[in-house]
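Observations on the model geometry
Listed below are the residues making up each chain.
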Amino acid sequence: MIISLISWKGGCGKTTSSIHFAALLARRGQTMLVDEDRSRNATNWTARGGDALPFKTFPPRALGTEARRHDHIVIDTRGGLEDQDLVDLYDNSDLVIVPAIAESMTLEALAGTAQTLRKHGRDLGKLRVLFTLARKTNGKSDKVAEAKAAVAELGITPLTRTIRATEAFRDACDSGRLVRDVKNPNGKLAWMDYERAFAELTS
Ligand SMILES: Nc1ncnc2c1ncn2[C@@H]1O[C@H](COP(=O)(O)OP(=O)(O)OP(=O)(O)O)[C@@H](O)[C@H]1O
Ligand SMILES: [Mg+2]
């Protein structure tokens, strides 16, 4: 299975989600993570942990040799893909995930993605939006629920499961581990968020 992660706005959890989905795919077979981002965040995360993660991270140039040795591939793409890059990526992935924060800028970018794919004759069937950095509602308004409705309105499928906001992710990144393996007790709950999102993705 090939899962690609994209987003226009930085800092929405693209790398964090790539690492955790790669770990979940690794339960099903040999998995590689391809780090297409110039910042090399995923590569550095993996390197900091030594052998803590159940998959290896490679630069794009390694795909030709490594793809045949792996059952599953996760691609952490660079931000702001050109239209044709987006279409190529879409055609060559089984699922394309957009990690997003519930705010208007994200929704505007998603509308642009939907429009580009439709303009090139693609349906939006492989696209999923995963809301990350989700905070508890304050009772007055549920921003994530509103954002999910807006995404569905665009014809894109939002995942029901969202990823909670917790500092545990920073600890995971700093130590090169998965969020379930850090001291912060919220790490286990955050890992379960990814497990449930993954189950939804692959059901
Ligand atoms: N669910 C979360 N809760 C709290 N912090 C998070 C969560 N997900 C990611 N973060 C933090 O937010 C920051 C951005 O996350 P990440 O690097 O995964 O995003 P990105 O989309 O890959 O960013 P970039 O555009 O730089 O590639 C990081 O400091 C990360 O630890
Ligand atoms: Mg990143």
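Looking at an unreviewed UniProt entry, the chain carries the name Chromosome partitioning protein, with the source organism given as Deinococcus yavapaiensis KR-236.

Moving on, we come to helix α6 (residues 143–153). Residues of α6 that are buried: V144, A147 and V151. Buried residues of α6, viewed axially, fall in a sector of 60°; they line one side. For α6, the secondary structure elements touched by its buried residues are α5 (104–119), β6 (127–131) and β7 (157–158). Where α6 starts, the residue carrying a side-chain oxygen 3.3 Å from the main-chain nitrogen of V144 turns out to be D142. One or two positions beyond α6, positive phi appears at G155, with a value near 90°.

Moving on to the pattern of salt bridges. Inspection of the entire model under this criterion finds twelve salt bridges. Notably, a salt bridge pairs D83 with K119, separated by 3.4 Å at the nearest N-O pair. Separated by 36 residues along the polypeptide, D83 in helix α4 (residues 83–91) and K119 in helix α5 bring together distant segments of the chain. Judged by relative accessible area, which is 33%, D83 ranks as partly exposed. Salt-bridge contacts for E167 lead to R170; the nearest nitrogen and oxygen are separated by 2.6 Å. According to the relative accessible area criterion, E167 is partly exposed, its value standing at 46%. Taken together, the shared-partner salt bridges in this structure form one network comprising K14, D37 and D76.

Looking now at the sheet that holds strand β1 (residues 2–5). Read from one edge to the other, the open sheet built from seven strands follows the order β3-β2-β4-β1-β5-β6-β7, with strand pairing classed as parallel. Only two strands of the sheet have a single neighbouring strand rather than two, namely β3 (56–58) and β7. Here β1 runs beside strand β4 (residues 72–76); their pairing, made up of four bridges, is parallel. Within the sheet, the bridge partner assigned to S4 lies in β4 and is I75.

Thresholds, definitions, all that
- Residues numbered from 1 in each chain as written.
- Chains lettered and ligands numbered in written order.
- Predicted model: local features only at pLDDT ≥ 70, side-chain atom pairs only at ≥ 80, totals over all residues.
- Heavy atoms only, no water.
- Buried < 20%, exposed > 50% of the residue type's maximum accessible area, 1.4 Å probe, protein only.
- Helix = DSSP H or I, 4+ residues; strand = E, 2+ residues; numbered from the N terminus.
- Arc of directions from axis to C-beta.
- Contact = heavy atoms within 4.5 Å.
- Polar contact = N/O pair within 3.5 Å; in protein donor to acceptor, adjacent residues only side chain to side chain.
- Salt bridge = Lys/Arg side-chain N within 4 Å of Asp/Glu carboxyl O.
- Pairing = 2+ DSSP bridges.

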